[in-house]
Number of protein chains: 4
Amino acid sequence: MQATAELQVIPIGSGVSVRSEVKQVVNMLSEFNLTLETHASGTNIEGELDIILAATTKVHEFLHQSGVVRIVSYLKLETRTDKIPTLSGKRL
Amino acid sequence: MQATAELQVIPIGSGVSVRSEVKQVVNMLSEFNLTLETHASGTNIEGELDIILAATTKVHEFLHQSGVVRIVSYLKLETRTDKIPTLSGKRL
Amino acid sequence: MQATAELQVIPIGSGVSVRSEVKQVVNMLSEFNLTLETHASGTNIEGELDIILAATTKVHEFLHQSGVVRIVSYLKLETRTDKIPTLSGKRL
Amino acid sequence: MQATAELQVIPIGSGVSVRSEVKQVVNMLSEFNLTLETHASGTNIEGELDIILAATTKVHEFLHQSGVVRIVSYLKLETRTDKIPTLSGKRL
């Protein structure tokens, strides 16, 4: 099932700047077969729902292995049956 | 990896009341090996991250099979390595 | 305009445990003329939209004055014209 | 207090396509003294917190006046005291 999504990952307790962790997340996401659009407030994603969820799991695992103690991620998922959901179809 | 989560599912284009769809979602979630706490704005979840994500996928699949054309779900995921995350540990 | 809402506040860079900050947020919200239901993943709110937004502003101001350098808050707002939105009306 | 924000507005019960409502929201936001960056999953905003919250209220009021019965909006707010928060500062 194809989906569009938005993912924002927040490391808690890692200091005020989380830029390096966010860069790691985007690098990690780019290894999956997903279309990514990074913006100032998260990353928009298009692809198979299973892959989006597997990538999200990997992000948590990887950041914990990198030493991040606590992670909150916000994942917005959108699916529809009337047409294939795409990021380009959601732009105005 | 154990996680705590909050899931809110919004059927779009199914009418102003989404109560019956939300009830179906909670019924479906209760079939998984997860601790659930339903509140006025979503369902809090505790359990294995893999199961939480599998349940979320099932919810989308099931609602589409029930005729819902478009679904947006908001999934907040929290993991930590300093202790096992639980819903009871997050209450004040 | 009456609204229902859910507010979650995350102090960033304040350490792994954010319990004391969250308690301060709930204490502060309770000073406003709002109905509150705290749960494991945030606080559900019912009341006038203006008051909800004023309370959210106060929370940011107060936490910054308490020394929190960076704050992300997630505010879900719901309004409807067919009936008065209430938290009790949103429970299953 | 300057803030960065992300706003997503979902009309419920208005049909499967919500494109025209979303366009109205962006048009309305552009009348305020705010920096806007629209993307596939919402609108990123930079400006005074008071103006962001006033604009959000206007969006709800306006959509209801246009006939939308039920609205859920997701507003992510970010403030910090170590530097002025900007959208450009949040890009990778």
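Our subject is the structure listed above.
Residues numbered from 1 in each chain as written. Chains lettered and ligands numbered in written order. Predicted model: local features only at pLDDT ≥ 70, side-chain atom pairs only at ≥ 80, totals over all residues.

Engineer: So what's going on with the overall build of chain A? Residues and values would help.
Structural biologist: A tally of helices and strands in chain A yields three helices and four strands. Its helices and strands taken in sequence order, chain A reads β-α-β-β-α-β-α from the N to the C terminus. For chain A, the C-alpha atoms occupy an extent of roughly 45 × 25 × 20 Å along the three principal directions. Sorting the 92 residues of chain A into buried and exposed places 43% on the buried side. Of the contacts made within chain A by residues no fewer than 6 positions apart, 65% connect residues no fewer than 24 positions apart. (Helix = DSSP H or I, 4+ residues; strand = E, 2+ residues; numbered from the N terminus. Buried ≥ 20, exposed ≤ 12 C-beta atoms within 10 Å, placed from the backbone. Contact = placed C-beta atoms within 7 Å.)

Engineer: So what's going on with the relation of the copies chain D and chain A? Which residues, and what values?
Structural biologist: Each of the two chain copies can be brought onto the other by rotation about an axis and movement along it. Between chain D and chain A, the superposition needs a rotation of 180 degrees and an axial shift of 0.0 Å, giving an RMSD of 0.0 Å. The symmetry that links the two subunits is that of a two-fold axis. Of the C-alpha atoms belonging to chain D, the one lying closest to the rotation axis is found on D:His39, 3.8 Å away. In this assembly, 100% of the residues forming the interface of chain D have copies in chain A that are likewise at the interface, indicating an isologous arrangement. (Least-squares fit on C-alpha atoms with pLDDT ≥ 70 in both.)

Engineer: Report on the interface of chain D and chain A, specifying residues and quantitative values.
Structural biologist: Between chain D and chain A, the contact holds 18 residues from the first and 18 residues from the second. Going through the elements one at a time, strand E1 (2–12), helix H1 (19–29) and strand E2 (35–39) of chain D are the ones with two or more residues in the side of chain D that touches chain A. In the side of chain D that touches chain A, the residues fall into six nonpolar, five polar and seven charged. (Nonpolar A, V, L, I, M, F, W, Y, C, P; charged D, E, K, R; others polar.)

Engineer: Just give me the short version of the sheet that holds strand E4 (residues 70–80) of chain C, but keep the residues and values in it.
Structural biologist: Strand order in the open sheet formed by eight strands is E2(C)-E3(C)-E1(C)-E4(C)-E4(D)-E1(D)-E3(D)-E2(D), with antiparallel pairing between adjacent strands. Each edge of the sheet is formed by a strand with only one pairing partner; in this case those strands are strand E2 (35–39) of chain C together with E2 of chain D. Here the average twist between neighbouring strands, direction ignored, is 20 degrees. On the sheet, helix H1 (residues 19–29) of chain C packs against strand E1 (2–12), E2 and strand E3 (42–48) of chain C and is oriented at approximately 150 degrees with respect to E1(C). Running over the sheet, helix H2 (residues 49–65) of chain D touches E4 of chain C together with E1, strand E3 (42–48) and strand E4 (70–80) of chain D and is turned about 175 degrees from E4(D). (Pairing = 2+ DSSP bridges. Axes fitted to C-alpha atoms, helices over the stretch in contact; angles between N-to-C directions.)

Engineer: Can you break down the interface of chain B and chain A residue by residue, with the values?
Structural biologist: Across the contact, 21 residues belong to chain B and 21 residues belong to chain A. When contributions to the side of chain B that touches chain A are tallied by element, the ones reaching two or more residues are helix H2 (49–65) and strand E4 (70–80) of chain B. In terms of residue class, the side of chain B that touches chain A is built from nine nonpolar, six polar and six charged. Pairing of strand E4 (residues 70–80) of chain A with E4(B), which is carried by eleven bridges, proceeds in the antiparallel orientation. In the strand pairing of E4(B), A:Leu75 is matched with B:Leu75.

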